[in-house]
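Okay, here's what each chain looks like letter by letter:
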Amino acid sequence: MIGLPRHQTVFIAQLSLLLLFFNFAKYIEHQLYFYIKYGLFSLFYCSMGLLSYQLFIKPIFINNFNKTTLYKLLLFISVLGLSIFIDSIIGNQESTDVKQYLNNLIDFKKNIAMFNRALHSGPERSMLLVGLMKFAIFFISLGFFYLLVDSYYRKRELYIANQQSELFLLKSQINPHFLYNALNTIYGQAIKERLDTFADLIQHMALQARKKVLKESDYKTVTYSENTILYIVSIAIGTLAFIHSLLISFFSSDPQKANFIAHAWVKMILNPQGALASSILFSIFTLVHFKKVFKPIWFTNLNRNTIFYKLPLYVLGLFILAVFYSIIMNIQNELNTWLIRTKSPYALPSLPGSDLKYVWEKEINVDFYVGIIRSVVVICVTSIIPYVITAIIYTSLMWISQSKNLEKQLKEQKKQESNSHLLTQLQGLLGIEEELKGTATEESLQQLISLMDYVQQTDGQTKVPIAEEIHFIDEYIRFQRKRLPTDADIDLQVEFPSYIPPKEIAPLVLIPFVENAFQYGIRTDAPCWICLKISVNEQQLAMQLANTIVPKTILQEKSGIGLSNVSKRLELMYPTQHTLQIESDEQTFRVDLRIQLKNI
């Protein structure tokens, strides 16, 4: 973002925002020591956020759980306990004089004594324990910002690696797939020349090559459900909010009162405004905010992809959520009013000054509507920070889950990577098979070895000159012509460009279409034809290919990838820079492929 390592960038951004927030607060608290006090608070909070990421979030959500993880969690709990002491030192100094304030900060004996008194005081101890829970939530929330940034880069790097691996996997299949079909051509020629022993060897090699060709089912990716992850996170957030509300109620209640248990637990759970209902609402609304407002607006490319368009739209989304939340809160209030008026033991105390009237009993005037609008605005403003923080949590955990899914997918693809090693065997056949000498089969075998040389040379390349690719297609057509009888009614029309600009293209993205035309479009017992035209200019490569369709009754069994392989490769290599149209009827198969070369 600003040329800094990722964690330093997040730390500086958080520190700047906290300082900015406290700087606004200074207009309320006119104290000379303000800048030092809240500067220390900002530094302390940011440091604890970084520690929560390193000791709590990263070990749980990124690393595998082990003994070291347990030690880090115990260390985080210890540091969290220490944070209460540090917070009390920074915030509970009586002096407003800068020099005296700094002296009080380093007076450890006095600070320890003050903290010890708080621990032995019932109300203050309760406040410390409630504060500990709040600190845990706040620090972990700050830590999720680090997870968000890390998970974004992690997902992006894994996506690129996964895409490259998938491309390599698809590319590696061209080798055995191409060899399998070419060997069938030589097999037919060997049979025609009565080279039975050699034909058996070729057939065996073809079967070996076929085994290396993956079927469509082998390309299935590891399943991943984004909604499952989001629902789990939503439940976890709601549970945490429930525990937090219960603890606040528990420690803020007087244990000497007879209704302590009922107020702290039963009412908080059974009352429509209690901890259970509030936490469920918080969980649901944070999830709805993320899925319906935050994610669509900030993560989706809109026509007007600017902050000046997205920000008002986001504020509108928050306001709509606030309207629905206000409606539900009023329903809760009506139910609690009913419990109070019926003297139910599960009712929560009414607010001071409340007249305990139902909404239909109140006077409907301008002030009534102004009050409704004011409450909606207050809900909208106060919900911004929790909504944004929970959206950060949802996003980071969703991206981490996607990253882990990509890792599994990458491992599966690595297992499937294969490459044919039959070229060496083919070259050996030329030297040991005496019966091949001077035959058309020998010439075809030499041509195949030359073609396979090019296929293997391009294994590690992402781009090759277009001229080389077209020359390879021309050689392949010459290779296929040798098996075609001269007396058959077969029409081959091939048109290549007279001038080929010095542009590059992904290797072997054209040959599967040509190969498919010869394999499934040529027959010797009836008229058939193939028409191929390739044109190239500075901006575009275009290939039009049409051929007759051999009836299914005499088709050879398909090897499993072919056109689907090249379609996937085109989508990965040229996602927005190609168009592929495939049409077929009972007699003809047509392909129209166009690849944009301008930005390649």
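These figures come from a predicted structure and were not determined experimentally.

*Asks:* How would you summarise the overall build of the protein chain if you had to cite specific residues and measurements?
*Replies:* When helices and strands are counted, the protein chain shows 17 helices and seven strands. For the protein chain, with 600 residues in total, the buried portion stands at 43%. Contacts spanning at least 24 positions in sequence make up 75% of the contacts within the protein chain whose residues lie at least 6 apart. Of the roughly 32900 Å² of accessible surface on the protein chain, 60% is carried by carbon and sulfur atoms.

*Asks:* Give a detailed account of the side chain of S403, specifying residues and quantitative values.
*Replies:* Locating S403 in the fold gives a position in helix α12 (residues 366-416). Using a relative accessible area of 0% as the deciding quantity, one classes S403 as buried.

*Asks:* Talk me through a nonpolar patch on the surface; I want residue IDs and the actual numbers.
*Replies:* Together, V266, I269, L270, L276, I280, I284, V288 and Y346 give the surface a local cluster of nonpolar side chains, amounting to about 620 Å² of exposed area. At the level of elements, α9 (260-270) and α10 (275-298) are the ones that each hand at least two residues to the nonpolar patch. Of the residues forming the nonpolar patch, the biggest block, four residues, is contributed by α10. Within the fold, I280 resides in helix α10. The class for I280 is partly exposed, based on a relative accessible area of 43%.

*Asks:* Requested: an account of the packing of aromatic side chains, with residues and values cited.
*Replies:* Tallied over the entire structure, the rule returns 25 aromatic pairs. Ring geometry for F294 against F299: centres 5.7 Å apart, planes inclined by 85°, an arrangement best described as edge-to-face. Taking the relative accessible area as the measure of exposure, F294 reaches 10% and is therefore buried.

*Asks:* Residues and numbers for unusual backbone geometry, please.
*Replies:* For K343, which is not glycine, the phi torsion reads 55° and is therefore positive. As for its position among the elements, K343 is in the loop between α11 (307-341) and α12. Under the relative-accessibility criterion, K343 is labelled exposed at 74%. In the Ramachandran plot, L508 falls in the positive-phi region, its phi being about 60° despite a non-glycine side chain. Note on placement: L508 falls in the loop between β3 (504-505) and α16 (511-521).

*Asks:* Give me the lowdown on the environment of L597, citing residues and values where you can.
*Replies:* Of note, L597 is situated in the segment after β7 (588-596). C-alpha separation for the pair L597 and Q540, spaced 57 residues apart in sequence, amounts to 5.0 Å. Leaving out residues up to four positions away in the same chain, L597 has contacts with I466, K503, E504, V536, N537, E538, Q539, Q540 and L541.

*Asks:* Describe the pattern of salt bridges, with residues and values.
*Replies:* Under the counting rule described, the total for this entry stands at five salt bridges. Its salt-bridge partner being D585, residue R590 comes within 3.9 Å of it at the nearest N-O pair. The class of R590 is partly exposed, set by a relative accessible area of 39%. A salt bridge links D592 to R594, with the shortest nitrogen-to-oxygen separation between them at 3.3 Å. A relative accessible area of 29% means that R594 is categorised as partly exposed. Residues joined by salt bridges that share partners form a network here, namely D474, E475 and R478.

*Asks:* Summarise the packing of helix α2 (residues 34-61) against helix α3 (residues 67-91); cite the residues concerned and give the values.
*Replies:* To characterise two packed helices, one gives the angle between the axes of the helices and the distance between these axes. Their axes nearest at 9 Å, the elements α2 and α3 cross at an angle of 170°. Between α2 and α3, the angle is such that the two are roughly antiparallel. Here the contact of α2 with α3 is composed, by residue class, of 17 nonpolar, five polar and three charged.

Reading guide: rules and limits
- Residues numbered from 1 in each chain as written.
- Predicted model: local features only at pLDDT ≥ 70, side-chain atom pairs only at ≥ 80, totals over all residues.
- Heavy atoms only, no water.
- Helix = DSSP H or I, 4+ residues; strand = E, 2+ residues; numbered from the N terminus.
- Buried < 20%, exposed > 50% of the residue type's maximum accessible area, 1.4 Å probe, protein only.
- Contact = heavy atoms within 4.5 Å.
- Areas by Shrake-Rupley, 256 points an atom, 1.4 Å probe, with all protein chains shown as cover.
- Patch = residues over 30% accessible without salt bridge, like charges linked within 9 Å, V, L, I, M, F, W, Y side chains within 5 Å.
- Salt bridge = Lys/Arg side-chain N within 4 Å of Asp/Glu carboxyl O.
- Phe/Tyr/Trp six-rings, centres within 6.5 Å; stacked < 30°, edge-to-face > 60°.
- Axes fitted to C-alpha atoms, helices over the stretch in contact; angles between N-to-C directions.
- Parallel < 35°, antiparallel > 145°, perpendicular 65-115°, else oblique.
- Nonpolar A, V, L, I, M, F, W, Y, C, P; charged D, E, K, R; others polar.

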